[in-house]
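Understanding the architecture of this molecule
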Amino acid sequence: MLGRRAARRRVQEGAPRPGPWRRGKVLAALCALTALLLVAPGLVPNTPGHVGSLLESFLPWLGLAVVPLLTLAVLRRSALALAAAVLPVVAWAYAFGGLLLPAADPGPRDLVVVQHNVSDVNGDPAGTARALAARGADLIALEELVPEALPAYENGLAARYPFHEVRGTVGIWSRHPLSGTRAVDIKPESVAGPWSRGLRTVARTPHGEVAVYVAHLPSFRLGAGGLGTARRDESARLLGRALDAETTGPVIVLGDFNATVDDRGTGPLTSRLNVPERGFAFSFPASFPLVRIDQVMAREASVGRVRTLPATGSDHLPVTARVTPDRGRPGNQDALPVRGP
């Protein structure tokens, strides 16, 4: 209101009105700030309240800020703000545009994997098992496997997946033989009582041995103190150390990380592993997906397009991707072929 009065007073007094390249400086600054946050969210400190992680969790959606900024620039008739609105568009394209490009054609060495948090309150575990089995994947990783629902998954997946292993509340089903399975300790120190949410196994595929990890990192809580991620971040560090000690390769890591690949909390993993090259695949919540916290990562292998599958009885959507082991790794080229079931 005061700005309009000042402008009216200038017109009445005969003062020249600011030109289109002099109006909207605040809007232009906001456009530049949005662009900066898109390409460098790490500049936002994580204290207090893990604000940086919160921003990174929803980072792709920050691009929507250009809509109100552009609208205000038009209403303000500011050429400066209109020009500056290009900055967040370019920044978003730089940060996320590659995820929209076409994926490479499937190859003979590809392994199709499915990752799904099936929910400990899933009302239809048998239906969920049937839906997952119908995808024809090589590997299926599941989390929140409660004892009363486990038989439904074992029975529903047995026909197509004769090999499976479960440790605690996480499990892996495979078309290929599994060996060397063990629990992986990713339990935060502050968690009391039984808590087993990580496993490691080796799948003997037609193209060689692949180490497979399944993990369910602790969830975070958004409260008055901000984003509570201490336990999740500690589990990510423990999993990263386990991966450092892994000698079998390639490695595929599947799980509900309760974090996006942009969240600095997954740094101990994204610094060691390749993330999907294409696709957003927002998987949570299933009713209105906003983030992908269900992850497929790999070492000595590339992860192609990741995409979601139709909803099951879980509050997560399943995600699937093709993982291509690197060619020419010593020890893989002489592997004996393994026939599927």
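See above for the structure.
These lines cover the structure that appears in this document, whether it is placed above or below. (Residues numbered from 1 in each chain as written. Predicted model: local features only at pLDDT ≥ 70, side-chain atom pairs only at ≥ 80, totals over all residues. Heavy atoms only, no water.)

Thoughts on the overall build of the chain
Basically, it comes down to this: Helix and strand definitions here come from DSSP, where helices need a minimum of 4 consecutive H or I residues and strands a minimum of 2 consecutive E residues; each element is numbered from the N-terminal end. Throughout, a residue-residue contact means that at least one pair of heavy atoms, one from each residue, lies within 4.5 Å. Accessibility throughout is a Shrake-Rupley quantity obtained with a 1.4 Å probe, and a residue counts as covered only by protein chains that appear here.
The helix and strand inventory of the chain stands at 10 helices and 13 strands. Contacts spanning at least 24 positions in sequence make up 70% of the contacts within the chain whose residues lie at least 6 apart. A total accessible area of about 16,600 Å² is found for the chain, and carbon and sulfur atoms account for 59% of it.

Regarding the nonpolar core
This is how the line gets drawn: In this description, a nonpolar core means a group of buried Ala, Val, Leu, Ile, Met, Phe, Trp, Tyr and Cys residues linked to one another through side-chain atoms lying within 4.5 Å. Residue burial is assigned from relative accessible area. The probe radius is 1.4 Å, only protein chains are included, and a residue is buried under 20% of its type maximum, exposed over 50%, and partly exposed in between.
In this structure, I172, I252, L254, V296 and V323 are the most contacted members of the largest nonpolar core, which totals 23 residues. Setting aside its immediate chain neighbours within four residues, V323 contacts R109, D110, L111, V113, I252, V296, A298, A301, S302 and V303.

A closer look at the packing of aromatic side chains
The condition that has to hold: Any two of the Phe, Tyr and Trp rings considered here, Trp counted by its six-membered ring, make a pair once their centres fall within 6.5 Å; the pair's planes then place it as stacked at under 30 degrees, edge-to-face at over 60, or tilted in between.
Tallying each qualifying case throughout the model produces five aromatic pairs. Note on W92 and F96: the rings are 5.8 Å apart at their centroids and 50° apart in plane angle, and the pair reads as tilted. With W92 and F96 both in helix α6 (residues 86-96) and four residues apart, the pair spans about one turn of that helix. By relative accessible area, F96 is classed as buried at 4%. Grouped by ring-pair contacts, the aromatic residues W61, W92, F96, F280 and F282 constitute a single cluster.

Overview of a nonpolar patch on the surface
Heads up, the condition is: The residues that make up patches have over 30% relative accessible area and no salt bridge, and they are joined within 9 Å when like-charged or within 5 Å when they are Val, Leu, Ile, Met, Phe, Trp or Tyr. The rule for a salt bridge is simple: a side-chain nitrogen of Lys or Arg has to be within 4 Å of a carboxyl oxygen of Asp or Glu.
Together, V26, L30, L33, L36, V39, L43 and Y94 line one region of the surface with nonpolar side chains, adding up to about 730 Å² of accessible area. By the secondary structure assignment, L33 is in helix α2 (residues 25-39).

Quick look at the sheet that holds strand β4 (residues 170-174)
Selection criterion: Whether two strands pair comes down to DSSP finding at least two bridges between them. Every axis corresponds to a line fitted to the C-alpha atoms, with the helix fit spanning only the stretch in contact, and the corresponding angles, defined between N-to-C directions, vary from 0 to 180 degrees.
Pairing within the open sheet is mixed, and its six strands lie in the order β3-β4-β2-β1-β13-β12. In the strand order of this sheet, the two ends are held by β3 (163-167) and β12 (301-308), each with one partner. The sheet shows a mean angle of 15° between the axes of neighbouring strands, direction not considered. The pairing of strand β2 (residues 139-143) with β4 spans five bridges and is classified as antiparallel. Within the sheet, the bridge partner assigned to L142 lies in β4 and is G171. On top of the sheet, helix α8 (residues 150-157) reaches β2, β3 and β4; it is set at about 10° to β4, its chief contact.

Description of helix α7 (residues 125-133)
Buried residues of α7: P125, G127, T128, A129, L132 and A133, and no others. Where α7 is buried, its residues meet β1 (111-117), β2 and α8.

Quick look at α6
Condition: Note that the arc is computed from the directions linking the helix axis to the C-beta atoms.
By the burial criterion, the buried members of α6 are P88, A91 and F96. Seen along its axis, α6 keeps its buried residues to an arc of 100°; they face one direction. Among the exposed residues of α6, those pointing more than 90 degrees away from its buried face are V90 and Y94. Looking at the buried positions of α6, the neighbouring elements they touch are α2, α4 (66-76) and α5 (79-84).

Here's the deal with the pairing of β4
Along β4, five of the five residues are buried, which leaves the element largely enclosed by surrounding structure. A two-sided burial pattern is seen for β4, the buried positions comprising V170, I172 and S174 on one face and G171 and W173 on the other. Looking at chain direction, β3 and β4 are connected through five bridges and run antiparallel. Looking across to β4, one finds that E165 is bridged to I172. Hairpin connection, β3 to β4: the antiparallel pair is bridged by two residues, and G168 has positive phi, about 65°.

Quick notes on the environment of R278
Counted only if it meets this: Under this definition, polar contacts are N or O atom pairs within 3.5 Å; protein pairs additionally need one hydrogen-donor-capable and one acceptor-capable atom, and for neighbouring residues in sequence, both atoms have to be side-chain atoms.
Within the element layout of this structure, R278 appears in the loop between α10 (267-270) and β11 (294-299). It is 9.6 Å that separates the C-alpha atoms of R278 and A321, two residues lying 43 residues apart in sequence. Not counting the four nearest positions on each side in its chain, R278 is found in contact with G98, L99, L101, P102, A103, G304, R305 and V306. Separated by 3.4 Å, the side chain of R278 and the backbone oxygen of L101 make a polar contact.

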